[in-house]
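For reference, the chains in residue letters:
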Amino acid sequence: MLKIPTFKNLDKAGKKQKYKRIAVLTSGGDAPGMNAAIRAVARAAIAHDCEAMGVQRGYSGLLEGLIHPMGPSSVANIIQRGGTVLRTSRCKEFLTKSGRKKGYENLCKQGVDALVVIGGDGSFRGAKLLHEETGLAVIGVPGTIDNDIAGTEDTIGFDTAVNTGVQLIDKIRDTASSHDRVFLVEVMGRHSGMIALYTGIGGGAESIIVPEVDVTVDSICETIDRGVRRGKTSSIIVVAEGCKFGGAAPLAKALEKRGHASHFTILGHTQRGGSPSAHDRMLASTLGSVAVHALLGGVKEGMVGVKGNEVVINSFSKLGKNPTLLPKEFFKIAKDLAV
Ligand code: ADP
C-alpha cells in the first residue's frame, strides 16, 4: 500500500496555500489511466473548494486558449476509459519563451493560478520552464506507458501496457506452439526496455531483447537451439522496438539468414489503448489527488512519483536526464526461467 505524504508544514508562510482555479492538461504521448488522473485532479480540486479547469490538447490548447471549467460530473464515467478526454498534442511553439508566455497569459485570462501537467519527461521540461519564467505553480503527474521517467519507479499506463502485451503473447503462444514456430513479438520502447522486460517475464518469453543490453544474433540463435535440444518446439522472443537490430522485422531477417525461420508480430499502438488496469487507476487516482494536495500545501513546482512504497515529490530541477532505470538483475531471472 502506498504511503501518502502530508503537506501541513510545507508552506513556509505557515498557512495553507489557497488557489482559486487549478487547471489540468495532458501532454505528449497518451497512456491508459490519464483519464483517471484528470478525474482525480478535478475532483480533488473541487473537494478543496477550488474550481477545476480543463485545458484541451496539451500545450497547444494552452496557447490557443482552449481552457474550460470542469464540474464534478464532467469527469464522471471516465475512470475506466483509455486515452485522454482532454486530448493531447505535441507543441513546437511551447519550446519558445514567447510561446510559454502566451500560454501563461491565457491561463491568467481565465483566472487560473495553478496547473497540473499529466505527461512524460518532455512535458515536464516545458512545465519546469513555465514555472521558472512566470512563477506559476506547476505540478507534474507521470503518465507514460514506457515507465522511463527519472524521479518515479512507476508511471500511469505502464501496468496496462504490460498487461496488454502479456495477453497478446498468450494468444501468439497458442499459434506458435500449434505450428512449432519461433515468434518475435515487438513491443513499444524506443529508448527503454522496461515494457519488453515486464512483458517478456510475464509472458514467459525465451529471450528479451532491449536497447540497454547488448546481445548478438548468435546468442539469440543459441538460446533457440538450446530450447530445441531440450525438446521445445516453439519459442517467444520479446523485442523492444528500439533494440539495436531496429525491431522485430530486421531481427527476423537476420535469424532467417542463420537458418532460423520465424514469424513476427508488432504490437505497436495497441499497448497505448484500452481500459486502464486496476493498478493504473489506483496510481492515477492517488498521484492526481496528491498533486492537488501538494499545491494546496504550498509546493510550487515538481513531479509527484513513487519511490519504494511512498508517494514523493521531486523538484523538476532534480529530474535531470533519465538515468538507465532498467533493473538488469531481472534479465538473469528471465534467463533462468527460460532454461
Ligand atoms: P512526453 O511528455 O510524452 O515526453 P514530448 O517529449 O513530445 O512528450 O513533449 C511533449 C511536449 O512538451 C512537447 O511537444 C513540447 O510542447 C513540450 N516540451 C518538450 N520538451 C520541452 C522543452 N525542452 N522545453 C519546453 N517545452 C518542451
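Above: the structure in question.
Summary of the structure given here. As the structure is a computational prediction, the values presented were derived from the model and not from experiment.

1. Section: the overall build of the protein
Here is step 1 of the chain: Helix and strand counts for the protein stand at eleven helices and eleven strands.
Here is step 2 of the chain: Expected size for 339 residues packed as a compact globule is a radius of gyration near 20 Å; at 22 Å, the protein falls within 12% of this value.
Here is step 3 of the chain: Referenced to the eigenvectors of the C-alpha coordinate spread, the extents of the protein come out at roughly 70 × 40 × 35 Å.
Here is step 4 of the chain: Counting only contacts in the protein whose residues sit at least 6 apart along the sequence, the fraction spanning at least 24 positions is 77%.
Here is step 5 of the chain: Summing over all exposed atoms, the protein offers an accessible surface of approximately 15400 Å²; the carbon and sulfur share of this is 53%.
Here is step 6 of the chain: When the 43 basic and 33 acidic side-chain charges of the protein are each reduced to a single mean position, those positions are 5 Å apart.

2. Comments concerning the sheet that holds strand S6 (residues 182-187)
Here is step 1 of the chain: With parallel pairing, the four strands of this open sheet are ordered in space as S7-S8-S6-S9. The sheet is open, and its two borders are formed by strand S7 (207-209) and strand S9 (262-266), each paired with just one other strand. The average angle at which neighbouring strand axes cross in this sheet is 20°, direction not considered.
Here is step 2 of the chain: Here six bridges tie S6 to strand S8 (residues 235-240), and the two strands are oriented parallel to one another. Opposite Phe183, over in S8, you have Ile236 as the bridge partner.

3. Re the site of the ligand
Here is step 1 of the chain: If you check the shell around the ligand, you find 16 residues, and the closest are Arg90, Cys91, Gly120, Gly122 and Ser123.
Here is step 2 of the chain: Between the ligand and Asp121 there is a distance of 3.2 Å, counted from an oxygen atom to a side-chain nitrogen or oxygen.
Here is step 3 of the chain: Protein chains shield 80% of the accessible area of the ligand, which is 550 Å² for the free molecule.
Here is step 4 of the chain: In terms of residues, the shell around the ligand owes the most to one element, helix H4 (residues 121-134), which gives six residues.
Here is step 5 of the chain: Of the residues in the shell around the ligand, the class split is five nonpolar, seven polar and four charged.

4. Examining the sheet that holds strand S1 (residues 21-26)
Here is step 1 of the chain: Taken in spatial order, the seven strands make up an open sheet running S3-S2-S1-S4-S5-S10-S11, and their pairing is mixed. The open sheet terminates on both sides in strands that have one partner only, identified here as strand S3 (67-70) and strand S11 (310-314). Adjacent strand axes in the sheet meet at a mean angle of 25° when their direction is disregarded.
Here is step 2 of the chain: Note that strand S4 (residues 114-119) and strand S5 (residues 137-142) share six bridges and pair parallel. In the sheet register, Gly119 faces S5, and the bridge partner there is Pro142.

5. Some details on the nonpolar core
One broad rule of soluble globular proteins: the nonpolar side chains tend to lie buried together.
Here is step 1 of the chain: With 65 residues, the main nonpolar core has Ile22, Val116 and Ile236 as its most contacted residues.
Here is step 2 of the chain: Element by element, the count of residues in this core is highest for helix H9 (residues 278-296), at nine residues.
Here is step 3 of the chain: Here Ile22 is in contact with Ala45, Cys50, Glu51, Ala52, Met53, Ala114, Val116, Val292 and Leu295, once residues within four sequence places are set aside.
Here is step 4 of the chain: Met53, Phe94, Leu115 and Ile149 belong to the second-largest nonpolar core, a separate cluster that totals 23 residues.

6. A short note on helix H7 (residues 217-229)
Here is step 1 of the chain: Helix length check: H7, at 13 residues, gives a terminal C-alpha distance of 18 Å against a target of 18 Å (1.5 Å per residue), a fit within 8%.
Here is step 2 of the chain: Regarding H7, the residues found buried are Val217, Ile220, Cys221, Thr223, Ile224 and Gly227. Seen along its axis, H7 keeps its buried residues to an arc of 155°; they face one direction. Residues of H7 that are exposed and point more than 90 degrees away from the buried face comprise Asp218 and Arg229.
Here is step 3 of the chain: Looking one or two residues past H7, Gly231 carries a phi angle of roughly 95°, positive in sign.

7. Quick look at the pairing of S11
Here is step 1 of the chain: As paired elements, strand S10 (residues 301-307) and S11 share five bridges and run antiparallel to each other. Paired with Lys307 across the bridge in S11 is Glu310.

8. Concerning the side chain of Glu206
Here is step 1 of the chain: Looking at the secondary structure, you find Glu206 in the loop between helix H6 (194-202) and S7.
Here is step 2 of the chain: At 2.9 Å, the side chain of Glu206 and the side chain of Lys232 are in polar contact.
Here is step 3 of the chain: Within the local environment of Glu206, its side chain forms a polar contact with the backbone nitrogen of Ile236, the two atoms lying 2.8 Å apart.
Here is step 4 of the chain: Apart from residues lying up to four places away in sequence, Glu206 is in contact with Thr223, Lys232, Ser234, Ser235, Ile236 and Ala338.

Conventions used here
- Numbering of residues starts from 1 in every chain and runs along the sequence as written.
- In keeping with the predicted nature of the model, local features appear solely for residues at pLDDT of at least 70, side-chain atom pairs appear and are counted solely at 80 or more, and the whole-chain, interface and lining totals rest on all residues.
- Calculated side-chain values reflect all of the structure's heavy atoms, with hydrogen atoms and water omitted.
- Segments assigned H or I by DSSP are reported as helices when at least four residues long, segments assigned E as strands when at least two residues long, and all are numbered from the N terminus.
- Throughout, radius of gyration means the C-alpha value; the globule benchmark is 2.2 Å times the number of residues raised to the power 0.38.
- Contacts are residue-level and defined by heavy atoms, with any inter-residue pair within 4.5 Å sufficient.
- We get accessible surface area from the Shrake-Rupley algorithm with a probe of 1.4 Å; when it comes to residues, only the shown protein chains can shield them.
- Only four residue types enter the tally: Lys and Arg on the positive side, Asp and Glu on the negative side; His and the chain ends are excluded.
- By convention, charge coordinates are those of NZ in Lys, CZ in Arg, CG in Asp, or CD in Glu.
- Any two strands with at least two DSSP-identified bridges between them are counted as paired.
- In this description, a line fitted to the C-alpha atoms serves as the axis of each element, helices being fitted only across the stretch in contact, and the angle between N-to-C directions of two axes falls anywhere from 0 to 180 degrees.
- Near, as used in this document, describes a residue that has one of its heavy atoms within 4 Å of the molecule or strand being considered.
- Each polar contact in these results corresponds to two N or O atoms within 3.5 Å; when the atoms are within protein, one needs to be able to donate a hydrogen and the other to accept it, and residues that are neighboring in sequence are counted only if both atoms are side-chain atoms.
- Gly counts as polar in this scheme, as do all residues outside two lists: the nonpolar Ala, Val, Leu, Ile, Met, Phe, Trp, Tyr, Cys and Pro, and the charged Asp, Glu, Lys and Arg.
- The term nonpolar core refers to a set of buried residues drawn from Ala, Val, Leu, Ile, Met, Phe, Trp, Tyr and Cys, joined through side-chain atoms within 4.5 Å.
- With a 1.4 Å probe rolled over the protein chains alone, any residue whose accessible area is under 20% of its type maximum counts as buried; one over 50% counts as exposed, and the rest are partly exposed.
- For a helix, the expected span equals 1.5 Å multiplied by the number of residues minus one.
- Regarding the arc, it is the one traced by the directions from the helix axis to the C-beta atoms.

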